Amino acid sequence: MITKLLSADAESLKIAAEILKKGGLVAFPTETVYGLGANALNGSAVEKIFQAKGRPQDNPLIVHVCNREMFETVAHINNFAHVLISRLMPSSLTLVLKKKQIVPDVVTAKLDTVAVRMPNNTHAIELIKCAGLPIAAPSANSSTRPSPTTAAAVLADMEGKIPLILDGGKCEVGIESTVLDLTTDTPTILRQGIVTKSELESVLGVKVLTAGETAGTVKSPGMKYRHYAPNCAVLLNTDGCVETVNGEFLRQKEAGKRVCIMCCDEQMRNHSNKETLSLGVNATQAAERLYGNLLLAERNYDCLIVVWTDKTEIGMSVLNRLSKACGGNLI
Ligand code: TXA
Ligand code: MG
């Protein structure tokens, strides 16, 4: 299959909408990461997403909608959802709610709930409007790989597997949406993102939990799989110990490895005269650069040492991705 890469203008959005209506796949920009979309109401179209990504069938997808009316066609909106849709959407927030019958099992991995979000990106919203359909879309990467934040990254991963990629430039958020479960008494964050727990608490006026704080089964099936891993070793340091990090750098170098340190600008001076990749000045910027840097690192290095000490809420969302990308290799 030939993969076309088109700038996300009015004409290419129409072409994309036609492909979606006919049951095909389109990669498209959102503010978080690029998505790989199919008509959420067409089970066999959605199957193609799992094939293209090599995604496990038991990992459900997020349904993307363009307005409240479309939201209500796929999910039962409860009081919390009502408040969040009115006050926080569109945004990088996904709500897990009781699903409506119209949503095929393949989208929700047979759960009786569905994850829904309204992306804060004009191209994405226009595409959904133009197709007139809710769009099921995971991140547009092969399973286990870093999520793509540029059309070029989607092309590198998905070339030959999908007919069309819409190029809407670089994603401004850079990490995936916050997933909030609203099907229990207490709203629970299943995946951290740029929309934080304190923001949700202040809008909802109740305490919000983060999964992991509660014992029990994994509620977000996707969280149990390997994720975000580039094709190079990733070692993670979270205490910022300069000796540990520089010692490891030298050990790797002596073993003949091409090695690089990734950290925020504030820590750069601790690692002078070494190859580095910058995560910028704060957690928000780190989120924006994270996946692009991981993909850059795998092209140029055998080993990436990451220093991440930021414990702010968004900092913890970045840490969550880094913990998975390193596959448990902590230093
Ligand atoms: O920012 C994003 O959310 C991006 C863009 C493309 O919108 N999408 C994305 O999708 O990250 P994906 O498939 O990579 O991650 C979806 C997450 C997974 O962790 C999945 O398990 C969880 O949402 N999820 C989906 N449906 C669920 C449900 N019914 N209950 C619990 N978790 C669900
Ligand atoms: Mg993903």
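Check the entry above for the structure.
A. Broad picture of the overall build of the chain. Secondary structure assignment for the chain yields 11 helices and 15 strands. Relative to the compact-globule value of 20 Å for 331 residues, the chain shows a C-alpha radius of gyration of 20 Å, a close match. Taken over the C-alpha atoms alone, the chain extends approximately 60 × 50 × 30 Å along its principal axes. Across the 331 residues in the chain, those meeting the buried criterion constitute 55%.

B. Structural view of the packing of helix H4 (residues 79-88) against helix H8 (residues 197-204). For the pair H4 and H8, the least separation of the axes is 10 Å and the interaxial angle reads 110°. Classified by the angle between their axes, H4 and H8 sit roughly perpendicular to one another. Counting all contacts with H4, which are made through Phe80, Val83, Leu84, Arg87 and Leu88, the residues of H8 involved are Glu199, Leu200, Val203 and Leu204. Of the residues belonging to the contact of H4 with H8, the class tally is 7 nonpolar, no polar and 2 charged.

C. The arrangement of the pairing of strand S6 (residues 113-117) in detail. Counting buried residues in S6 gives 5 out of 5 residues, a clear majority hidden from the surface. Of the pairings in the sheet, the one linking strand S4 (residues 62-64) to S6 comprises 3 bridges and is parallel in character. From the neighbouring strand, Val63 faces S6, where its bridge partner is Val116. Looking at chain direction, strand S5 (residues 93-98) and S6 are connected through 5 bridges and run antiparallel. Bridge pairing in S6 places Lys98 opposite Thr113.

D. Examining the pattern of salt bridges more closely. For the structure shown, the criterion picks out 10 salt bridges. Glu18 serves as the salt-bridge partner of Lys21, at 3.4 Å between the closest nitrogen and oxygen. Taken together, the residues Lys21 and Glu18, both in helix H1 (residues 10-21) and 3 residues apart, mark about one turn of the helix.

E. How the structure looks around the nonpolar core. Among the nonpolar cores identified, the biggest contains 97 residues, and Phe71, Leu84, Leu95 and Trp308 are the most heavily contacted of them. A per-element tally of this core places helix H10 (residues 283-300) first, with 7 residues. When residues no more than four places from it in sequence are discounted, the contact partners of Leu84 are Met89, Leu93, Leu95, Leu180, Leu182, Leu200, Val203 and Leu204. Core analysis: the second largest hydrophobic core is formed by 9 residues, Leu235, Val259, Cys303 and Val307 among them.

F. Layout of H4. Every buried residue of H4 is listed here: Ala81, Leu84, Ile85 and Leu88. Projected down its long axis, H4 carries its buried residues within an arc of 110°, all on one side. Seen from the buried face of H4, the exposed residues on the opposite side, beyond 90 degrees, are Asn79 and Arg87. On its buried face, H4 is in contact with helix H3 (68-74), S5, strand S9 (178-181) and H8.

What counts and what doesn't
- Residues numbered from 1 in each chain as written.
- Chains lettered and ligands numbered in written order.
- Predicted model: local features only at pLDDT ≥ 70, side-chain atom pairs only at ≥ 80, totals over all residues.
- Heavy atoms only, no water.
- Helix = DSSP H or I, 4+ residues; strand = E, 2+ residues; numbered from the N terminus.
- Rg over C-alpha atoms; globule rule 2.2 N^0.38 Å.
- Buried < 20%, exposed > 50% of the residue type's maximum accessible area, 1.4 Å probe, protein only.
- Axes fitted to C-alpha atoms, helices over the stretch in contact; angles between N-to-C directions.
- Parallel < 35°, antiparallel > 145°, perpendicular 65-115°, else oblique.
- Contact = heavy atoms within 4.5 Å.
- Nonpolar A, V, L, I, M, F, W, Y, C, P; charged D, E, K, R; others polar.
- Pairing = 2+ DSSP bridges.
- Salt bridge = Lys/Arg side-chain N within 4 Å of Asp/Glu carboxyl O.
- Core = buried A, V, L, I, M, F, W, Y, C linked by side-chain atoms within 4.5 Å.
- Arc of directions from axis to C-beta.

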